[in-house]
Amino acid sequence: MSAIFVLNGPNLNLLGRREPAIYGADTLDDIEALLRARADAEGVALTFRQSNVEGELVGWIHEAGLSGAGVLINAGAYSHTSIALRDAITGSGATSVEIHLSNVYAREDFRHKSTIAPVCRGVICGFGKASYLLGFEALLPLLGGAAGKA
Ligand code: DQA
């Protein structure tokens with residue numbers, strides 16, 4: 001069975017009440033339910049987590065990569081700053097897709113740079129909660145063969 005870790009970074013626990021004009025009205029629980037329905041339909045083992053702590057995200061990337069699971073990651077603001085998350089992806093070999101709810105390129109300059117994008121297979125941003133579903137669809141076929149089967 002393919003396995004995907006959906007990892008959410010800082011402040012994403014506030015979805016639903018956090019700047020809804022930018023991030024939408026859905027909570028992270030709503031997004032998890034959406035993805036879980038999709039994963040169940042595809043027979044994918046889904047692990048869905050959120051942390052405001054960089055090191056915790058690093059550990060979860062290791063856990064995913066070393067077990068052969070793929071990573072769908074919305075690293076929040078750490079996307080723009082974290083060398084540790086980038087090194088966790090390369091070090092663990094996790095096949096990863098970066099996602100964002102908002103179109104980061106239509107926002108402040110500091111959001112235009114991602115430290116993790118170069119080590120991800122691709123980036124999806126700007127589609128709200130659909131970014132998660134689109135990322136899932138993009139990642140799943142990359143997990144064929146031994147990698148990604150749990
Ligand atoms: C975000 C975009 C980031 O720039 C921001 O820091 C977030 C959310 C998004 O999903 O649009 O926390 O990752």
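Residues numbered from 1 in each chain as written. Predicted model: local features only at pLDDT ≥ 70, side-chain atom pairs only at ≥ 80, totals over all residues. Heavy atoms only, no water.

Asks: Summarise the environment of Ile124; cite the residues concerned and give the values.
Replies: With respect to the secondary-structure elements, Ile124 resides in strand S5 (residues 122-125). On the basis of relative accessible area, Ile124 is assigned to the buried category, the value being 15%. Spatially, the C-alpha atom of Ile124 lies 6.4 Å from that of Glu98, the residues being 26 residues apart in sequence. (Helix = DSSP H or I, 4+ residues; strand = E, 2+ residues; numbered from the N terminus. Buried < 20%, exposed > 50% of the residue type's maximum accessible area, 1.4 Å probe, protein only.)

Asks: Lay out helix H3 (residues 54-67) in plain terms, naming residues and giving numbers.
Replies: Between its first and last C-alpha, H3 extends 20 Å over 14 residues, near the 20 Å set by a 1.5 Å rise per residue. Buried within H3 we find Leu57, Val58, Trp60, Ile61, Ala64 and Gly65. Along the axis of H3, the buried positions cluster into a sector of 165°, meaning they face one direction only. Buried residues belonging to H3 abut strand S1 (3-8), strand S2 (45-50), strand S3 (70-74) and helix H4 (83-92). Just beyond H3, the residue with positive phi is Gly68, at close to 85°. (Expected span 1.5 Å × (residues − 1). Arc of directions from axis to C-beta. Contact = heavy atoms within 4.5 Å.)

Asks: I'd like a rundown of the pairing of strand S4 (residues 96-100), residues and numbers included.
Replies: Summarising burial for S4: five of the five residues are buried, a large majority. Taking every second residue as pointing to the same face, both faces of S4 are buried, with Ser96, Glu98 and His100 on one and Val97 and Ile99 on the other. Pairing of S3 with S4, which is carried by three bridges, proceeds in the parallel orientation. Looking at S4, one finds that Val71 is bridged to Ser96. You can see the chain leave S3, run along H4 and come back into S4, and the turn it takes is right-handed. Alignment of S4 against S5, held across four bridges, turns out to be parallel. When the bridges of S5 are listed, Ile99 appears paired with Ile124. (Pairing = 2+ DSSP bridges. Right-handed = clockwise from strand over helix to strand, strands pointing away.)

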